[in-house]
Amino acid sequence: MKADMPRYAAIDIGSNSVRLLVAETLADGPPRTLAEERRVMRVGSGVFRDGAIGNDTMAAVCDLLRTMAVTYRGLDVLAVRAVATSAVRDATNQQEFIERASDAAATPVEIISGQEEARLIHLGVQSQWPHPGRRILIIDVGGGSAEFILSEDQRVKAAFSRPLGAVRLTEAFLKHDPPAPLELHQMEEYITEKLAAPFRRFGALPFDRVIATSASAAAVVSAVNRISRQSRDAANRRRASAAQVRRIYRLLAGWNLAARRKTPGIGPRRAEIIVAGAAVFTLAAAGLHLGSLYYSTAGVRDGVIADLARRGAGSERSRLDGDQRRVVEDMARHYGVPLKHAAKVAALSRALFDALQPLHGLPPEQGRLLEAAGYLHDVGHYVSDTAHHKHSAYLVANSDMPGFTRPQSAMIALLCRFHRKSMPGMRHDFYQALDPESRRTILLLTPLLRLADSLDRSHDQRVDAIAVQLREDVVVLALNARLDTDLEQWAAERIVAQFRAIYGKPLIITKARR
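Residues numbered from 1 in each chain as written. Predicted model: local features only at pLDDT ≥ 70, side-chain atom pairs only at ≥ 80, totals over all residues. Heavy atoms only, no water.

Draft legend 1. Just the overall build of the chain, in detail. The helix and strand inventory of the chain stands at 23 helices and 14 strands. Out of the 514 residues belonging to the chain, those deemed buried represent 55%. Per element, the accessible surface of the chain, about 22,300 Å² overall, is 49% carbon and sulfur. Averaging the coordinates of the 70 positive side-chain charges in the chain and doing the same for the 56 negative ones gives two points 5 Å apart. (Helix = DSSP H or I, 4+ residues; strand = E, 2+ residues; numbered from the N terminus. Buried < 20%, exposed > 50% of the residue type's maximum accessible area, 1.4 Å probe, protein only. Areas by Shrake-Rupley, 256 points an atom, 1.4 Å probe, with all protein chains shown as cover. Lys, Arg positive; Asp, Glu negative; His and termini not counted. Charge placed at Lys NZ, Arg CZ, Asp CG, Glu CD.)

Draft legend 2. Summary view of the side chain of Asp 456. Relative to the helices and strands, Asp 456 resides in the loop between helix H21 (436-454) and strand E12 (465-470). The charged side chain of Asp 456 is buried without a salt bridge, its nearest counter-charge being Lys 344 at 6.7 Å. With residues near it in sequence (within four places) discarded, Asp 456 still touches His 341, Lys 344, Val 345, Gln 461, Arg 462 and Glu 488. (Salt bridge = Lys/Arg side-chain N within 4 Å of Asp/Glu carboxyl O. Contact = heavy atoms within 4.5 Å.)

Draft legend 3. Spotlight on the sheet that holds E12. Here three strands make up an open sheet; going across it, the order is E12-E13-E14 and the pairing mixed. Pairing within the sheet leaves two strands with one partner each, and these edge strands are E12 and strand E14 (507-511). Sheet twist, expressed as the mean angle between neighbouring strand axes with direction ignored, is 20°. Pairing geometry for strand E13 (residues 475-480) and E14, over five bridges, is parallel. Across the sheet, residue Ala 478 finds its bridge partner in E14, namely Thr 510. Seen against the sheet, helix H22 (residues 486-493) touches E13 and E14 and runs at an angle of roughly 180° to E14. (Pairing = 2+ DSSP bridges. Axes fitted to C-alpha atoms, helices over the stretch in contact; angles between N-to-C directions.)

Draft legend 4. Molecular detail of the nonpolar core. One finds Leu 376, Val 396, Met 401 and Ile 412 to be the most contacted residues of the largest nonpolar core, which totals 56 residues. The element that contributes the greatest number of residues to this core is H21, accounting for seven residues. Residues contacting Val 396, with those up to four places away along its chain left out, are Met 331, Leu 376, Val 379, Met 401, Ser 409, Ile 412, Ala 413 and Cys 416. Core analysis: the second largest hydrophobic core is formed by 55 residues, Phe 148, Phe 202, Ala 217 and Ala 242 among them. (Core = buried A, V, L, I, M, F, W, Y, C linked by side-chain atoms within 4.5 Å.)

Draft legend 5. Molecular detail of the side chain of Asp 307. Among the secondary structure elements, Asp 307 is positioned in helix H13 (residues 300-310). Relative accessible area serves as the criterion here: at 4%, Asp 307 is assigned to the buried category. Of note is the side chain of Asp 307, whose polar atom sits 3.0 Å from the side chain of Arg 119. Once you skip the residues sitting within four places of it in the chain, Asp 307 turns out to touch Arg 81, Arg 119, Leu 120 and Leu 123. (Polar contact = N/O pair within 3.5 Å; in protein donor to acceptor, adjacent residues only side chain to side chain.)

Draft legend 6. Region of interest: the pairing of E12. Examined bridge by bridge, E12 and E13 share six bridges and lie antiparallel to one another. Residue pairing in the sheet places Gln 469 in a bridge with Val 476 of E13. Counting the residues between successive antiparallel strands, the hairpin from E12 to E13 contains four residues.

Draft legend 7. Region of interest: helix H10 (residues 242-254). Taking 1.5 Å per residue as the helical rise, H10 with its 13 residues ought to reach 18 Å, and the 19 Å between its terminal C-alpha atoms agrees with that figure. Among the residues making up H10, those that are buried are Ala 242, Val 245, Ile 248, Tyr 249, Leu 252 and Ala 253. Projected down its long axis, H10 shows its buried positions confined to an angular sector of 130°, all on one face. Away from the buried face of H10 by more than 90 degrees, exposed residues Arg 247 and Gly 254 are located. Where H10 is buried, its residues meet helix H7 (181-194), helix H9 (215-225), strand E10 (239-241), helix H11 (257-261), helix H12 (274-287) and strand E11 (292-295). (Expected span 1.5 Å × (residues − 1). Arc of directions from axis to C-beta.)

Draft legend 8. Molecular detail of the sheet that holds strand E6 (residues 135-141). Spatially, E8-E7-E6-E9-E11-E10 is the arrangement adopted by the six strands of the open sheet, whose pairing is mixed. The open sheet terminates on both sides in strands that have one partner only, identified here as strand E8 (155-162) and E10. Taking the axes of each pair of neighbouring strands and ignoring which way they run, one obtains an average angle of 25° across the sheet. Where strand E7 (residues 146-152) lies against E8, seven bridges are found, and the strand directions are antiparallel. From the neighbouring strand, Ala 146 faces E8, where its bridge partner is Arg 162. On the sheet, H9 packs against E6, strand E9 (209-213), E10 and E11 and is oriented at approximately 110° with respect to E11.

Draft legend 9. Highlighting the packing of helix H1 (residues 43-50) against helix H6 (residues 166-173). Relative orientation of the contacting elements H1 and H6 amounts to 40°, with a least axis distance of 9 Å. Regarding the angle of H1 to H6, the classification is oblique. The element H1 and its partner H6 pack so that their crossing is right-handed. The segment H1 lies against H6, with Gly 44, Ser 45, Phe 48 and Arg 49 engaging Val 167, Arg 168 and Glu 171. (Parallel < 35°, antiparallel > 145°, perpendicular 65-115°, else oblique. Left-handed = near helix turned anticlockwise from the far one by under 90°.)

Draft legend 10. Broad picture of the packing of helix H18 (residues 388-397) against helix H19 (residues 406-417). Here H18 crosses H19 at 170°, and the two axes come no closer than 7 Å. One finds that H18 runs roughly antiparallel with respect to H19. Listed contacts from H19 to His 389, Lys 390, Ser 392, Ala 393, Val 396 and Ala 397 of H18 are Arg 406, Ser 409, Ile 412, Ala 413, Cys 416 and Arg 417. Partitioning the contact of H18 with H19 into residue classes produces six nonpolar, three polar and three charged. (Nonpolar A, V, L, I, M, F, W, Y, C, P; charged D, E, K, R; others polar.)

Draft legend 11. Structural context of the packing of aromatic side chains. Within the structure shown, the criterion is met by seven aromatic pairs. Here the aromatic rings of Phe 160 and Phe 202 are separated by 5.5 Å at their centres, their planes lie at 80°, and the arrangement is edge-to-face. Here Phe 160, found in strand E8, pairs with Phe 202, found in helix H8 (residues 196-202); they are 42 residues apart in sequence, far enough to count as distant. The class for Phe 160 is buried, based on a relative accessible area of 17%. Judged by relative accessible area, Phe 202 falls into the buried class, the value being 0%. Seen in terms of ring centroids, Phe 418 and Tyr 431 are 6.3 Å apart; in terms of plane orientation they differ by 80°. Their pairing is edge-to-face. Of this pair, Phe 418 sits in the loop between H19 and helix H20 (429-432) while Tyr 431 sits in helix H20, and the two are 13 residues apart along the sequence. Under the relative-accessibility criterion, Tyr 431 is labelled buried at 5%. Across the ring face of Tyr 294, the terminal group of Arg 209 is positioned such that the distance to the ring centre comes to 4.8 Å. (Phe/Tyr/Trp six-rings, centres within 6.5 Å; stacked < 30°, edge-to-face > 60°. Lys NZ or Arg CZ within 6 Å of the ring centre and 35° of its normal.)

Right under this line is the structure:
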């Protein structure tokens, strides 16, 4: 089997709905969706009407977030980001909501600005539907706000966020069903006023394509193309002319809720707010002299995933930070350890930890302990070459190591203790005293440290890099090297049986083809 690609989770707490997306990023295409969920919660209804998120709504959102947390935790994501947008930005009780929502989601919920929301929408669109070398306009009409984003050659050149979400406008203006002509007129005047700045900035520009995102866009484009709500994904990248958008808006504005719910592509809850959403697209198309727009399924959640992947979020959790690395390097230097050897063993340990993540399944933070042990496993030679692994453990366990907790230092000491000779076992009192999870961690990391040390047996850094392939019934470790590595390969072969005993798979060590 192949090693899993990085997995990330995004939670988008919008003014109308709450969404979860868990995706696996790929090297050669858009991320692969592993799980997604969307539920209409109308967080914005209470905020735009009364100024605060209602107690019942807050409780319901938290219940949903707990379910979402179970989902993303079960998919071994490397990192997760939860964001809240327009409604929570405006809520007077936002602090209470953020505290409760963060606890329920098992990750901090972050209130993002309209500009950050625009940036994420742009990232999401470009990750799903790239437009290199093109000038595009992205219009996203959410529940609380609308974002207008000018993109040139896949870079944001200008962005506006306006309080023109479908829930917000419905609560503020549309009191009757169907809406009264005066209500529609007042809403249209308000929308036009709020779009004055985007009209001035974008009005004279030609666009290679205009892309509409959000569920309101999906409903409008689906209605124009008579795509059923059940087949809404088929609306992705479909076109609607400005005249068609204007026509569907006029029809929807004249129908009552029951009639709107019968329109293809418009769900029962969307029908409650679609008049306002369609109005924004209609007036934007008119004010910017747009000929047509295309719908994209991408949104904030896709942008969060793309952003996490681009930044390599989560990978830093398995690596020593700058302060920790200075501590272990200084300690290794103090005890006379050849730093080039220590750094090579640490780097190989880190590479093995990352490559074997699908097998050991340890939290990324445990990779830091393994990397630190790579630097410190030989400090015991300072005391004596005889049983130096025991002396290494003693020195590490009894040293002040800023940047590491005492339990972490103790775990690093045990890894140094077991980097040679006997494997960890219940006959070792200090190992037996550990909790079961810590014992499992030591057991899984020990073969990796031994392999890394063996792969620099000559202390000449002959192995340039390693490549690990996880197959269904075997693990293949290929050594990339310009120099002869017979000694390293021989030493590593002596660890094969220990690796198999712990990981349940045979290990084959080969030289990579050059």
